[in-house]
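Residues per chain are reported as follows:
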Amino acid sequence: MRIPYHPNPTHLMNFIQRYQPSLTWVSELDRLFDQTLRNPDFTMGPREAFLESDNAWILRLDLPGYNKQEIKLTMNDHTLQVAAETAADQPMGGKFEGQWRLGEEVDASGISARLEDGVLELNLPKKPQATAEPTLIPIQ
Amino acid sequence: MNASMTPTETERLTEASEAIQRPNFHAEENDDGATLQIALPGVHKDDLKLTFQESSLKIEGKRGDSVPENWKTIRDTNAAQHYGLNICLTSRLDGSKTTASYEDGILTLKVPVSEEAKPREIQVS
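All residue numbers refer to position in the chain's written sequence, counted from 1. Chain A is the first chain written and ligand 1 is the first ligand written, with later ones labelled in order. The predicted nature of this model means local features are confined to residues of pLDDT at least 70 and side-chain atom pairs, given and counted, to a pLDDT of 80 or more, with totals for whole chains, interfaces and linings taken over all residues.

Now for the overall build of chain A. Secondary structure elements follow DSSP: runs of H or I no shorter than four residues count as helices, runs of E no shorter than two count as strands, and numbering proceeds from the N terminus. Helix and strand counts for chain A come out as zero helices and nine strands. Overall, chain A shows an N-to-C arrangement of helices and strands of β-β-β-β-β-β-β-β-β. Evaluated residue by residue, chain A yields a buried proportion of 24% over its 140 residues. By the criterion used throughout, residues are in contact when their C-beta atoms, derived from the backbone, lie within 7 Å. Long-range contacts, defined here as pairs at least 24 residues apart, represent 50% of the contacts in chain A between residues at least 6 apart. Residues are called buried when their C-beta atom has 20 or more other C-beta atoms within 10 Å, exposed when it has 12 or fewer, and partly exposed otherwise; all C-beta atoms are positioned from the backbone.

As a further point, take the sheet that holds strand 6 (residues 72–76) of chain B. A sheet is described by the order of its strands in space; here five strands give the open sequence 8(A)-9(A)-4(A)-3(A)-6(B), paired in antiparallel fashion. Taken across any chain shown, the strands that pair with only one partner, and hence form the sheet edges, are strand 8 (112–116) of chain A together with strand 6 of chain B. The mean angle between the axes of side-by-side strands here comes to 15°, regardless of whether they run parallel or antiparallel. Note on pairing: two strands pair once DSSP finds at least 2 bridges between them. In the sheet, strand 3 (residues 48–52) of chain A pairs with strand 4 (residues 56–62) of chain A via five bridges, with the strands oriented antiparallel. If you follow Glu 48 of chain A over to strand 4 of chain A, its bridge partner there is Leu 61 of chain A. Only the stretch in contact is used when a helix axis is fitted, and all axes are lines through C-alpha atoms; the angle between N-to-C directions ranges over 0 to 180 degrees.

Let us look at the confidence of the model for chain B. Caution applies to low-pLDDT parts of the model: their predicted coordinates are not meant to be read in detail. The predictor attaches a confidence to each residue, called pLDDT, with possible values from 0 through 100. Scored by pLDDT, chain B comes out at a mean of 86, with 86% of its residues at no less than 70. Across the assembled chains, the prediction reports ipTM 0.80 with pTM 0.72.

All right, on to the sheet that holds strand 2 (residues 25–30) of chain B then. Each strand in a sheet pairs with another by means of backbone hydrogen bonds, the pair being arranged parallel or else antiparallel. Residues and elements named next belong to chain B. Strand order in the open sheet made by the four strands is 2-3-9-8, with antiparallel pairing throughout. Edge positions in the sheet fall to strand 2 and strand 8 (99–103), since each has one partner strand and no second. Pairs of neighbouring strands in the sheet enclose a mean axial angle of 15°, with direction left out of account. Summarising the sheet, strand 3 (residues 33–39) and strand 9 (residues 106–112) pair through seven bridges and their orientation is antiparallel. Looking at strand 9, one finds that Gln 37 is bridged to Thr 108.

Our focus in this paragraph is unusual backbone geometry. Although it is not a glycine, His 78 of chain A sits at a positive phi angle of roughly 70°. One can find His 78 of chain A in the loop between strand 5 (71–76) and strand 6 (79–85). In this model, Ser 55 of chain B sits at a positive phi of 60°, which is unusual for a non-glycine residue. Inspection of the secondary structure assignment puts Ser 55 of chain B in the loop between strand 4 (43–53) and strand 5 (56–63). In this structure Ser 55 of chain B comes out as partly exposed when scored by C-beta crowding, with 16 C-beta atoms within 10 Å.

With that out of the way, let us pick up the nonpolar core. In globular proteins that are soluble, nonpolar side chains generally tend to be buried together. By convention in this section, buried Ala, Val, Leu, Ile, Met, Phe, Trp, Tyr and Cys residues joined through C-beta atoms within 7 Å make up a nonpolar core. Residues Ile 38, Ala 39, Leu 40, Leu 85 and Leu 107 of chain B are the most contacted members of the largest nonpolar core, which totals 19 residues. Mapped onto this core, the elements with two or more residues apiece are strand 3, strand 5, strand 7 (82–89) and strand 9 of chain B. Those residues in contact with Ala 39 of chain B that lie beyond four places of it in its chain are Pro 64, Gly 65 and Met 92 of chain A together with Pro 23, Asn 24, Phe 25, Gly 105 and Ile 106 of chain B. Among the nonpolar cores identified, the runner-up in size contains 18 residues, and Leu 59, Leu 63, Phe 96 and Leu 124 of chain A belong to it.

Residue and element names in this part refer to chain A. Burial of the side chains of strand 6 is restricted to one face: Leu 80, Val 82 and Ala 84 are buried, whereas none of Thr 79, Gln 81, Ala 83 and Glu 85 on the reverse face is. Here strand 5 runs beside strand 6; their pairing, made up of six bridges, is antiparallel. By the bridge assignment for strand 6, Ile 71 is matched with Ala 84. Between the antiparallel neighbours strand 5 and strand 6 lie two residues, among them Asp 77 with a positive phi of about 50°. Relative to strand 7 (residues 95–101), strand 6 runs antiparallel, the two sharing seven bridges. Residue pairing across strands places Ala 84 opposite Phe 96, the latter belonging to strand 7.

Right under this line is the structure:
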């Protein structure tokens, strides 16, 4: 991506757009876990990915600039809450809040989380399914 | 649980994941030089590429959080896997002396003012 040169002696760097992310953004997201796919071209807040593997659902949130101590995760009656806040002087930080309502199929006690390279990954295990085959009951 | 996406959605996301996205960044300047902070979430330090050529700083990064084959993507607000950013530096800055550090998905670049551009006192004989 080439950026044209704009002669401007007071600035040391030239950008085509000087993007200044807002210092604080608070996003209250209340989502039903089995909500239908929204318009993917509209996004508010950081990138969010919902994935499904064989035995769990995975929620990935982009939270660059936050370290582990600055992010708080709580499970409150089937609602997953994420709250993150950096020190006020961090230009790339700010405040973030989000919540997700989880369905009955999630095993809330087994939720684990990992933070790596600014991505928060939450593992939401599925409750073990009732066995598909009927169990035979022997008669004494 | 909602079903997985339609084939066209999968195509759209695959296409989106190959696009190069401009990352969010913040820039600050003072008398000593400039500091750039670039948000590159999902990029591991080894997948970061920083080059300086002809007064232009180029930042490239590839996210490492791909999705395994047998997983389903239910929702992804931004599937871009590649970041790219080109920054032109004026001659006052010495790009070859850029220092970089990377933590929590934020790349911090410090570019000092070049020696020639610093004010020098001229003695009057």
